[in-house]
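# Structure assessment
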Amino acid sequence: MEAFSSPKVSSLLLFSLFVSSIMATASAGNFYQDFDLTWGDRRARIVDGGKLLMLSLDRASGSGFQSKKEYLFGRIDMQLKLVSGNSAGTVTAYYLSSQGQAHDEIDFEFLGNLSGDPYILHTNVFTQGKGNREQQFYLWFDPTKNFHTYSVIWNPQRIIFLVDNFPIREFKNQESIGVPFPKSQPMRIYSSLWNADDWATRGGVVKIDWSKAPFTAFYRNFNAAACIWSYGSSSCASKSASPMSNIGWQTQGLDVKSRRRLRWVHRYYMIYNYCTDMKRFPEGLPPECRRSRSI
Ligand SMILES: *[C@@H]1O[C@H](CO)[C@@H](O)[C@H](O)[C@H]1NC(C)=O
């Protein structure tokens with residue numbers, strides 16, 4: 001008998017075909033399919049058959065991309081590896097935003113630093129065009145050494161920011177006390193790497209060292225379990241395909257374990273919270289701060 005018809009070989013072949021088809025469906029989205037490179041010419045690039053996206057910044061320009069689709073609620077995961085070495089003055093922004101004056105926005109911004117000094121993760125939530133809800137954190141790892149997962153869970157009750165599945169921030173729907181909540185404007189996902197050395201590192205004191213250019217940030221394993229908005233109606237994926245979560249994102253809140261994690265992050269890694277900044281709000285803290293004990 002010839003080798004290729006032996007039962008051992010063919011079952012092995014079948015098995016490996018089976019495994020590779022599982023891997024194909026389990027692997028996250030393809031950047032060619034899901035995103036458009038929007039500025040910076042060749043500084044924004046998709047490589048590795050669509051599995052990796054790179055943004056870079058040099059003296060002439062930064063770069064950026066945006067999702068092809070618009071989303072209205074969902075769980076959005078992305079893995080990022082940030083600019084390494086001396087990244088002072090660079091900002092990598094990764095956010096969801098709707099369009100127009102009264103837009104809604106959910107922001108992650110990573111402020112670079114000198115080699116060995118910590119990045120700051122800056123977050124904000126805009127509703128109806130109004131932000132001023134900054135919270136800032138250090139990370140409990142070096143975000144330039146490996147990929148880490150940055151996620152947003154956005155459902156009608158709340159927005160949760162997560163880092164490696166640790167909640168770092170919760171913005172609750174408090175429309176009942178008059179705080180607008182993003183719930184009717186679909187958002188795209190955006191990211192850009194740019195020069196913010198007028199404010200980013202130590203308030204703009206530390207400038208970009210252009211001799212270290214180009215600066216590069218990397219993206220992979222994008223996954224959106226979300227409602228996709230198209231021509232005025234939305235269609236939703238019910239289950240998150242993310243290995244991080246098998247809870248339906250539509251109703252997901254913070255369970256006991258997640259609350260414990262959130263408290264740990266706030267206790268050891270939070271460096272700024274608008275909700276405790278009395279100097280900034282002498283007339284009284286914003287209404288969402290007065291009520292919510294969780295922020
Ligand atoms: C940079 O490092 C300094 C010194 O550790 C720190 O005070 C600062 O918060 C860090 N981050 C930024 C973005 O300036």
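Preceding block: the structure.
Overview of the structure. Just so it is clear, the structure is predicted and the values come from calculations on it, not from any experiment.

### Section: the site of the ligand
- In the vicinity of the ligand, the residues found are Leu111, Gly112, Asn113, Asp117, Pro118, Ile120, Tyr138, Ala200, Thr201 and Arg202.
- Between the ligand and proline 118, the relevant distance is 3.2 Å, taken from a nitrogen atom to a main-chain nitrogen or oxygen of the residue.
- The contact in question runs from an oxygen atom of the ligand to an N or O atom on the side chain of tyrosine 138, over 2.7 Å.
- The fraction of the free accessible surface of the ligand (360 Å²) that becomes covered by protein chains is 75%.

### Topic: the pairing of strand E4 (residues 63-67)
- Among the five residues in E4, four count as buried, and that is most of the element.
- Pairing between strand E1 (residues 35-39) and E4: four bridges, direction antiparallel. Each residue of the ladder has a partner; that of aspartate 36, found in E4, is glutamine 66.
- Where E4 lies against strand E13 (residues 188-195), four bridges are found, and the strand directions are antiparallel. From the neighbouring strand, phenylalanine 65 faces E13, where its bridge partner is serine 191.

### Brief notes about the nonpolar core
- Ranked by internal contacts, the top residues of the largest apolar core, which has 56 residues, are Met78, Phe108, Trp154, Ile159 and Tyr219.
- Tallying contributions element by element places strand E14 (residues 215-230) first for this core, with seven residues.
- With near-sequence residues (within four places) excluded, isoleucine 159 lies in contact with Ile106, Val125, Val152, Ile153, Trp154, Arg169, Glu170, Phe171, Phe181 and Pro182.

### Notes on the packing of aromatic side chains
- On inspection of all chains with the given rule, the structure shows 20 aromatic pairs.
- Where phenylalanine 108 meets tyrosine 150, the ring centres are 6.1 Å apart and the plane angle is 70°; that geometry is what we call edge-to-face. Remark: tyrosine 150 occurs in strand E10 (residues 148-155) and phenylalanine 108 occurs in strand E7 (residues 105-111); sequence separation between them is 42 residues.
- Its relative accessible area of 1% is what places phenylalanine 108 among the buried residues.
- Its relative accessible area of 0% is what places tyrosine 150 among the buried residues.
- Between the aromatic rings of tryptophan 210 and phenylalanine 215, the centroid separation amounts to 6.1 Å while the plane-to-plane angle is 65°, which identifies the pairing as edge-to-face. Here tryptophan 210 and phenylalanine 215 have matching classes, each one buried.

About the criteria used
Residues numbered from 1 in each chain as written. Predicted model: local features only at pLDDT ≥ 70, side-chain atom pairs only at ≥ 80, totals over all residues. Heavy atoms only, no water. Near = heavy atom within 4 Å. Polar contact = N/O pair within 3.5 Å; in protein donor to acceptor, adjacent residues only side chain to side chain. Areas by Shrake-Rupley, 256 points an atom, 1.4 Å probe, with all protein chains shown as cover. Buried < 20%, exposed > 50% of the residue type's maximum accessible area, 1.4 Å probe, protein only. Helix = DSSP H or I, 4+ residues; strand = E, 2+ residues; numbered from the N terminus. Pairing = 2+ DSSP bridges. Core = buried A, V, L, I, M, F, W, Y, C linked by side-chain atoms within 4.5 Å. Contact = heavy atoms within 4.5 Å. Phe/Tyr/Trp six-rings, centres within 6.5 Å; stacked < 30°, edge-to-face > 60°.

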